[in-house]
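Letter by letter, the chains look like this.
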Amino acid sequence: MKKNLDFILEIGTEELSLQDMRHLLKEFPLLSEKILTKENIPFKKIFSFATSRRIVLYVKGIADYQAERLIETSGPPKTIAFDKDGNPTEAARGFARSQKVKVSQLEVKYVGKKEAVCAVVRKKGKPTSSILRRVLPDLLSSFSFAQPMRWGKTGLSFSRPIRWILALLDEKTIRFKLENLNSSNLTRGHRFLSPGPFRVKNPASYFDTLQKNFVILDREIRASLIRKGIEGISSLKGKKGDSDLIAESGDLVEYPALLCCSIEKEYLIILPERIIESAIKKERGIPFRDERGNLLPLFAIVTNGSKNNKIRSSYEEVLGAKLADSKFFYQKDLRKPFEKYGEELKKIIFHNRLGTTFDRVRRIEKLASQIGKDLGLKEIESLKRGSLLCKNDLATQMVREFPELQGFIGGHYSLLSGENELTSQIIEQHYLPRFPGDTLPTRTESMAAGIADRLITICGYFIIGIDGSGSSDPYGIRRLANGLIEIVWEKRLKLHLPNLLKKTVSLFPSATDTIYRGLVDFFKQRTNLLLANDGISPDIRDAVLIDLGDLVRIRKKAIVLKLWKRTASASASLIAFSRVTNILKQAENWKIKLRPFGEELLKEEAEKKLFSAYQNMIKDLPEFWKKEEYQKYLKKLEELKPAIDDFFDNVLVMEKNEIFRNNRLGLLSLINQEFLKLADFSRLTTENAEKI
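A short tour of the structure in this document, coming up. These numbers come from a predicted model, not from an experiment.

Looking only at helices and strands, one finds 28 helices and 17 strands in the chain. In terms of its C-alpha atoms, the chain occupies a principal-axis envelope of roughly 95 × 90 × 45 Å. The 692 residues of the chain split such that 50% are buried. Within the chain, residue pairs in contact and separated by at least 24 positions form 69% of the contacts whose partners lie at least 6 positions apart. In the form shown here, the chain has an accessible surface area of approximately 34,700 Å², with 50% of it arising from carbon and sulfur atoms. One finds the centroid of the 117 positive side-chain charges in the chain at a distance of 4 Å from the centroid of its 89 negative side-chain charges.

Quick look at the structure:
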């Protein structure tokens, strides 16, 4: 009788990076499930846990044996396996012997279009323990990391050096070797409070063993303990810390302990709160604000199990020194008018093949001004000024100390230097969004500067051969493009992207037409990917991305087509629309030059009815197009379906008489022009469209 067991696999390491720890939490169960499924081992549920020093897989309800499999092998054709009277021939008997079954157990089944005898053999599963012993080394070698490392003389690469491996199937140790490491039933406790090693009897006792030895495996529990610790400190009572920082602090330790530290109040008077907050976060601290949103002169530190006052004093001293430096840099920076930092940009190389940051800013200013005009903005002078000053803070001491404050420092310093509020907002907000889901700029002028900055940067990299086509994106080109598209979509900016790319390329004397085409393809790929993230199917993406003229329209059309394909009429209408497009493509392949359509050349009743239907349709389409009412636009196009079907059923388009043939193609071309405004319907499939 098969039993359900529990399995624990623990990989003990040197301190993992936060990024790799979170990556392993996701990848470990996915890879494990894939292997168990492939090996035909049933299980109930897979869990993964992680601390900074270990990654753990827990499989609940894993079968002690592989599931039995039915293996079907086809043999000789039925006509050869049996004679005319239905008796088995030597061919059938020989096949039965080779498969170790009786002749009476052979079955006749269709193999392709012919009947053949088949042997169905029930294969018993192997013990799960033996399979795990074989597959676990491969599992541990299959993890992917952004920057894997090797250690000692091993050929193995991992995020950090592996120090121990525990593998338990109920009370049985799964013994295997990974390079110079042997698996065992031993785990380690907290590195300082209870290092171990400790023998583990079974998976159930594993969790108790860790907890008794100051390791809290569940990251949600660690975060919860930090929150409770914050609530228990009187000076922080009722104050809430950033939930992301709390989760991050919990991920960095195995046994969280909370210390409350203080900040000298003079810094809250002298320095902007954002600078103090950044300094606290750099020390892995959690800043706090009061109910009105003002920063408090307090911050919390999460230690790995220790509440030693020396640690508190040490953190306060380190932060105090950092804030003292910040005060010095801040006051020194403000001695010079903000616009004067522009001269310093001539000394900052953006890229050795693309010139200085000053050269880059000049291009941003020109392009942003053009974008502002395209968007019909009135504050062009403020836009030009903000774009010209948008990188000045890169030359300040404060940004050198806190690079993450780019933009904020520029906006703050420019306001103190007498620049108007809009100019300061442009400087601060042009970096937004910095990452997916980040805040978007509030002013359209800031968006114009941000779009110009992204386009100049991307185009520059394309010119020197960095086009973001590799598996990695070290220069962040794809992220910049995604941010640009996100701004355009969310803020519904009416920009003609191909024209904008031409203007961008024109600002680089060395750029060629090849660069322009490469940029168009690149943005088409990014738009395609973002539409896919919105749940748009490949055929719809292909149909709407026939040009990049208006990204807002493209997205809206894709969403409307997605909904339309689910309607009862879509499938039949799509077939009719595709007939129009396909015959025009056929004419193009035959190199038939289209001529202007003439109503007087219509002779068949079906083509006259089609033209009449077209005339009725065209009355309303311009208004629907102008208002972007694509559902109504589609509904109007569908009114053509009966006339299109009648036309193709009763009229020979490609007839020998060139005059009538070309005129019919001309009529279809007029209709197709209206189709193409919405999509290339010939690229749409009837998949996901309801059949009528």
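With respect to the element layout, N40 can be found in the loop between helix 1 (18-38) and strand 2 (45-51). On a C-alpha basis, the gap between N40 and K126 in space is 9.9 Å, while along the polypeptide they are 86 residues apart. Beyond its immediate sequence surroundings of up to four residues, N40 is in contact with Q66, A67, E68 and R69.

Attention shifts here to the sheet that holds strand 13 (residues 256-262). One open sheet holds the 3 strands; their spatial order is 13-15-14, and the pairing between them is antiparallel. The open sheet has two free edges, formed respectively by strand 13 and strand 14 (285-289), since each of these has just one partner strand. For this sheet, the mean inter-axis angle between neighbouring strands, taken without regard to orientation, is 30 degrees. Together, strand 13, strand 14 and strand 15 (295-304) form the strand contacts of helix 6 (residues 219-232), whose direction differs from that of strand 13 by roughly 35 degrees. Here helix 10 (residues 309-333) sits on the sheet and contacts strand 13 and strand 15; the angle it forms with strand 13, its principal contact strand, is near 50 degrees.

The next subject is the packing of aromatic side chains. One pass over the structure, following the stated rule, counts 27 aromatic pairs. Arranged with centres 5.2 Å apart and planes meeting at 90 degrees, the rings of F214 and Y255 form a pair that is edge-to-face. Here the residue F214 occupies a position in the loop between helix 5 (203-212) and helix 6, and Y255 occupies one in the loop between helix 7 (243-251) and strand 13, the gap between them amounting to 41 residues. Judged by its relative accessible area of 29%, Y255 is partly exposed. Their ring planes at 45 degrees and their centres at 4.9 Å tell us that F597 and F611 sit as a pair that is tilted. On the criterion of sequence distance, the pair formed by F597 in the loop between helix 23 (570-589) and helix 24 (605-618) and F611 in helix 24 is long-range, its members being 14 residues apart.

A word on the sheet that holds strand 4 (residues 69-77). Within a sheet, neighbouring strands are paired by backbone hydrogen bonds and run either parallel or antiparallel to one another. The antiparallel open sheet is built from 3 strands, whose spatial order is 4-6-5. The open sheet has two edge strands, strand 4 and strand 5 (107-111), and neither has a second partner. Neighbour to neighbour, the strand axes of the sheet diverge by 45 degrees on average, direction disregarded. Where strand 4 lies against strand 6 (residues 114-123), 7 bridges are found, and the strand directions are antiparallel. Residue pairing for strand 6: P77 is matched across the bridge by A116.

This part covers unusual backbone geometry. In this structure, the amide linkage connecting G196 to the following residue, P197, adopts the cis form with an omega of 15 degrees. Tracing the chain through its elements places P197 in the loop between strand 11 (186-187) and strand 12 (198-199). The step from L432 to P433 runs through a cis peptide bond, and the omega angle for that step is -5 degrees. Mapped onto the secondary structure, P433 falls in the loop between helix 16 (421-429) and helix 17 (444-463). The phi dihedral of K100 falls on the positive side, at around 60 degrees, and the residue is not glycine. The exposed category is assigned to K100, whose relative accessible area is 79%. One non-glycine residue, F214, lies in positive phi territory at about 65 degrees.

Time to look at the nonpolar core. Among the nonpolar cores identified, the biggest contains 100 residues, and I451, F523 and F681 are the most heavily contacted of them. Of all the elements, helix 17 adds the most residues to this core, at 12 residues. In this structure I451 touches I371, L484, I487, V488, L493, L495 and L500, once residues within four positions along its chain are discounted.

Looking at where S32 falls in the secondary structure, it is placed in helix 1. On the accessibility criterion, S32 (3% relative accessible area) is buried. Polar contacts involving the side chain of S32 include one to the main-chain carbonyl oxygen of F28, which spans 2.7 Å.

Counting through the fold element by element, S183 comes out in the loop between strand 10 (181-182) and strand 11. Using a relative accessible area of 4% as the deciding quantity, one classes S183 as buried. Polar contacts involving the side chain of S183 include one to the main-chain carbonyl oxygen of I174, which spans 2.7 Å. Of note is the side chain of S183, whose polar atom sits 2.9 Å from the backbone nitrogen of F176. Residue contacts for S183: discarding those within four places in its chain leaves I165, A167, I174, R175 and F176.

Each full turn of the α-helix corresponds to 3.6 residues, which orients residues three or four apart in the same direction. Taking 1.5 Å per residue, 14 residues should reach 20 Å; helix 22 (residues 551-564) reaches 20 Å between its end C-alpha atoms and fits that length. Where burial is concerned, most of helix 22 is hidden: 10 out of the 14 residues are buried. Among the residues making up helix 22, those that are buried are L551, V552, R553, I554, R555, K557, A558, V560, L561 and W564.

This part is about the packing of helix 19 (residues 497-506) against helix 20 (residues 513-533). Two elements in contact, helix 19 and helix 20, have axes whose closest approach is 10 Å; the angle formed by their N-to-C orientations is 140 degrees. On the basis of their axis angle, the class for helix 19 and helix 20 is oblique. The crossing of helix 19 and helix 20 is right-handed. In contact with L497, P498, L501, K502 and V505 of helix 19, helix 20 contributes I515, Y516, L519, V520 and F523.

Conventions used here
Residues numbered from 1 in each chain as written. Predicted model: local features only at pLDDT ≥ 70, side-chain atom pairs only at ≥ 80, totals over all residues. Heavy atoms only, no water. Helix = DSSP H or I, 4+ residues; strand = E, 2+ residues; numbered from the N terminus. Buried < 20%, exposed > 50% of the residue type's maximum accessible area, 1.4 Å probe, protein only. Contact = heavy atoms within 4.5 Å. Areas by Shrake-Rupley, 256 points an atom, 1.4 Å probe, with all protein chains shown as cover. Lys, Arg positive; Asp, Glu negative; His and termini not counted. Charge placed at Lys NZ, Arg CZ, Asp CG, Glu CD. Pairing = 2+ DSSP bridges. Axes fitted to C-alpha atoms, helices over the stretch in contact; angles between N-to-C directions. Phe/Tyr/Trp six-rings, centres within 6.5 Å; stacked < 30°, edge-to-face > 60°. Core = buried A, V, L, I, M, F, W, Y, C linked by side-chain atoms within 4.5 Å. Polar contact = N/O pair within 3.5 Å; in protein donor to acceptor, adjacent residues only side chain to side chain. Expected span 1.5 Å × (residues − 1). Parallel < 35°, antiparallel > 145°, perpendicular 65-115°, else oblique. Left-handed = near helix turned anticlockwise from the far one by under 90°.

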